[in-house]
Structures are given as structure tokens and as C-alpha cells.
Amino acid sequence: QVKIEYLHLTLNKVADQIQIDSVELENYFANNQLAYNDPEKRKVWQIKIAKPQDVTEEQKQAAKAKAEELLITIKDIDSFESFAETVSSSSEDSIKVDVSETGFREKDQGVKAIDEVIFSLAKGDNSEVIEDLNAYYIVHLADIQEMRQVTFDEVKKQVETDLRMEKADKNYFVLADQMAALSY
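Predicted model, so just to flag it, every value in this text is computed and none were measured. (Residues numbered from 1 in each chain as written. Predicted model: local features only at pLDDT ≥ 70, side-chain atom pairs only at ≥ 80, totals over all residues. Heavy atoms only, no water.)

Chemist: Sorry if this is basic, but what is going on with the nonpolar core here?
Modeler: The tendency in soluble globular proteins is for nonpolar side chains to be buried side by side. Ranked by internal contacts, the top residues of the largest apolar core, which has 19 residues, are Ile-47, Ile-49, Leu-70, Ile-74, Phe-83, Val-97 and Ile-138. Secondary-structure elements contributing two or more residues to this core are strand 1 (41-50), helix 4 (57-73), helix 5 (80-89) and strand 4 (135-145). In contact with Ile-74, other than residues within four places in its own chain, are Ile-47, Phe-83, Val-87, Asn-126 and Ile-138. (Core = buried A, V, L, I, M, F, W, Y, C linked by side-chain atoms within 4.5 Å. Buried < 20%, exposed > 50% of the residue type's maximum accessible area, 1.4 Å probe, protein only. Helix = DSSP H or I, 4+ residues; strand = E, 2+ residues; numbered from the N terminus. Contact = heavy atoms within 4.5 Å.)

Take a look at the structure:
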């Protein structure tokens, strides 16, 4: 005969048992408000001039010269269609040029060097030529979506879930140790 008994302890079960009052929720939100805000986002038009594989100095200079030429060509363009058309019409077979438009993106979602430039530009500005290991880039800051501060009421459920899980995380290991000691 075998008799088996077990307890099933999960983080969610611990979280369900935690009581939280409204003052505690508001304090948690006040101390962590930045985590709930919608961060600033930026929309970018980007030109990428690829450096050929196994580049010679001459090829590298040709790609950089093309980037410099494009920087002058796109100076006063105000629509992505015109931007892309201008870049495409000045493309050469020997130098690969890609044009793209990013949706709104937050900081630290791309190549660090390019990201720093994007978040230093004013709306409507073009960057200088940015050199990366595999390509030259030119970015145009098309639009900025400012950071939006949310209210407590907008994120109350999420704040409650986060606080409950944070407290449960702390209690879980204490309870697990107690269960281990009792079961032994």
C-alpha cells in the first residue's frame, strides 16, 4: 500500500491570498509611476547605404560619398514618398541603398549609435552620415510622440496585479521554506 499526500504551492496561489488596500495601491503607483507612463516615441525615415563585403578603401569611399550626396539631396523633403523616390532615383547598381520608414519606436530599440542620434534630433531634422560596421546610415526624424503620463485610474488593475505579484514573490520563498521544513 502506498499513500501519497502533496501540497501544490504556486506563485499565483500565493498572490491570490494577498490583501491589498487602496492606500497601498496608490503609494505603489506613486513610487513606480514612470514604469506605467507611455514613453516618448519617434518615427524615422532611414537610408542605409551598404558597405560591400570585403571592402576596399575605394569602395568604402564610394559608399560614403554616396551617403554624403544623398544627405544633400534629401535636405528639404517633407513626405516619405518624396524621400523614398528621391533616394531610389539616385541609386546606383554598384552601391546598395535601402530606404525604410519605422513606425513609432521607443528609445533603446535599435542600434545604439543610431538610437542616440534619433533621440537627439528635432522633428524634421536629418542626421549627419552615421557609420556602422556594415553600412552608412542617414536618418530623418519624421515625427515625435511625446511621453504620456497615465492616471492611476487608467492602470489601477495593472498596478494591483504588479503589487500583488511583487508581494507574492517575497512570500513565496518563505512559504516554500516552511513547507520544506514541515514536510521533512
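Chemist: Just checking my understanding: could you explain the pattern of salt bridges for this structure?
Modeler: Where charged atoms of side chains with opposite charge meet at close range, the side chains can pair. By the definition in use, this model includes 10 salt bridges. For Arg-148, the salt bridge is made with Asp-38, and the minimal N-O distance between the two is 3.2 Å. Taken together, the positions of Arg-148 in the loop between strand 4 and helix 7 (152-183) and Asp-38 in the loop between helix 3 (33-36) and strand 1 put the pair 110 residues apart, joining distant regions of the chain. Its relative accessible area of 40% is what places Arg-148 among the partly exposed residues. Across the pair Lys-123 and Asp-143 runs a salt bridge, and its minimum N-O distance is 3.3 Å. Linking Lys-123 in the loop between helix 6 (112-118) and strand 3 (130-131) with Asp-143 in strand 4, this pair joins segments that are 20 residues apart in sequence. Residue classification places Asp-143 among the partly exposed positions, given a relative accessible area of 25%. (Salt bridge = Lys/Arg side-chain N within 4 Å of Asp/Glu carboxyl O.)

Chemist: What exactly am I supposed to notice about the sheet that holds strand 3 here?
Modeler: In sheet architecture, strand pairing relies on hydrogen bonds along the backbone and comes in two forms, parallel and antiparallel. The strand order across the open sheet built from 4 strands is 2-1-4-3, with neighbouring strands paired in antiparallel fashion. Strand pairing shows two members of the sheet lacking a second neighbour, strand 2 (97-101) and strand 3, which therefore form its edges. Of the pairings in the sheet, the one linking strand 3 to strand 4 comprises 2 bridges and is antiparallel in character. Bridging across to strand 4, Ile-130 finds its partner in Tyr-137. Lying over the sheet, helix 4 contacts strand 1, strand 2, strand 3 and strand 4, oriented at roughly 25° with respect to strand 4. The strands that helix 5 touches are strand 1, strand 2 and strand 4; relative to strand 2, the one it contacts most, it runs at about 175°. (Pairing = 2+ DSSP bridges. Axes fitted to C-alpha atoms, helices over the stretch in contact; angles between N-to-C directions.)

Chemist: Explain the packing of helix 2 (residues 22-31) against helix 7 to me, please; I cannot follow it from the model alone.
Modeler: For the pair helix 2 and helix 7, interaxial distance at closest approach is 9 Å and the crossing angle is 95°. When the axis of helix 2 is compared with that of helix 7, the two are roughly perpendicular. Each of Glu-24, Leu-25, Glu-26, Tyr-28 and Phe-29 in helix 2 lies in contact with helix 7, whose residues at this interface are Phe-152, Val-155, Lys-156, Val-159, Glu-160, Asp-162, Leu-163, Glu-166 and Lys-167. For the contact of helix 2 with helix 7, the residue count by class is 7 nonpolar, no polar and 7 charged. (Parallel < 35°, antiparallel > 145°, perpendicular 65-115°, else oblique. Nonpolar A, V, L, I, M, F, W, Y, C, P; charged D, E, K, R; others polar.)

Chemist: Looking at this model, I keep getting lost on the environment of Phe-29. Mind explaining?
Modeler: For Phe-29, the location among the structural elements is in helix 2. Its relative accessible area of 7% is what places Phe-29 among the buried residues. In this structure the C-alpha to C-alpha distance between Phe-29 and Asp-162, which are 133 residues apart in sequence, comes to 9.8 Å. Those residues in contact with Phe-29, other than ones at most four positions away along the chain, are Tyr-36, Val-150, Thr-151, Phe-152, Val-155 and Val-159.

Chemist: Which parts of the structure should I look at to understand the confidence of the model for the protein?
Modeler: Residues shown with low pLDDT carry predicted positions that ought not to be read at fine detail. Averaged over all residues, the pLDDT of the protein is 84; the fraction at 70 or higher stands at 96%. Confidence, expressed as mean pLDDT per element, reaches its minimum in the protein at helix 5 with 80 and its maximum at helix 2 with 92. (pLDDT = per-residue confidence, 0-100.)

Chemist: Looking at this structure, how should I read a nonpolar patch on the surface?
Modeler: On the surface, Val-2, Ile-4 and Tyr-6 cluster together to form a nonpolar patch covering roughly 440 Å² of accessible area. Note on placement: Tyr-6 falls in the segment before helix 1 (11-16). (Patch = residues over 30% accessible without salt bridge, like charges linked within 9 Å, V, L, I, M, F, W, Y side chains within 5 Å. Areas by Shrake-Rupley, 256 points an atom, 1.4 Å probe, with all protein chains shown as cover.)

Chemist: So what exactly am I meant to see when it comes to the packing of aromatic side chains here?
Modeler: Think of a pair of aromatic rings as described by two things: how far the centres are apart, and how the planes are tilted against each other in angle. For the coordinates displayed, the defined rule picks out 6 aromatic pairs. With centroids separated by 5.3 Å and ring planes inclined at 85°, the aromatic side chains of Tyr-172 and Phe-173 adopt a geometry described as edge-to-face. Given a relative accessible area of 23%, Tyr-172 falls into the partly exposed group. (Phe/Tyr/Trp six-rings, centres within 6.5 Å; stacked < 30°, edge-to-face > 60°.)

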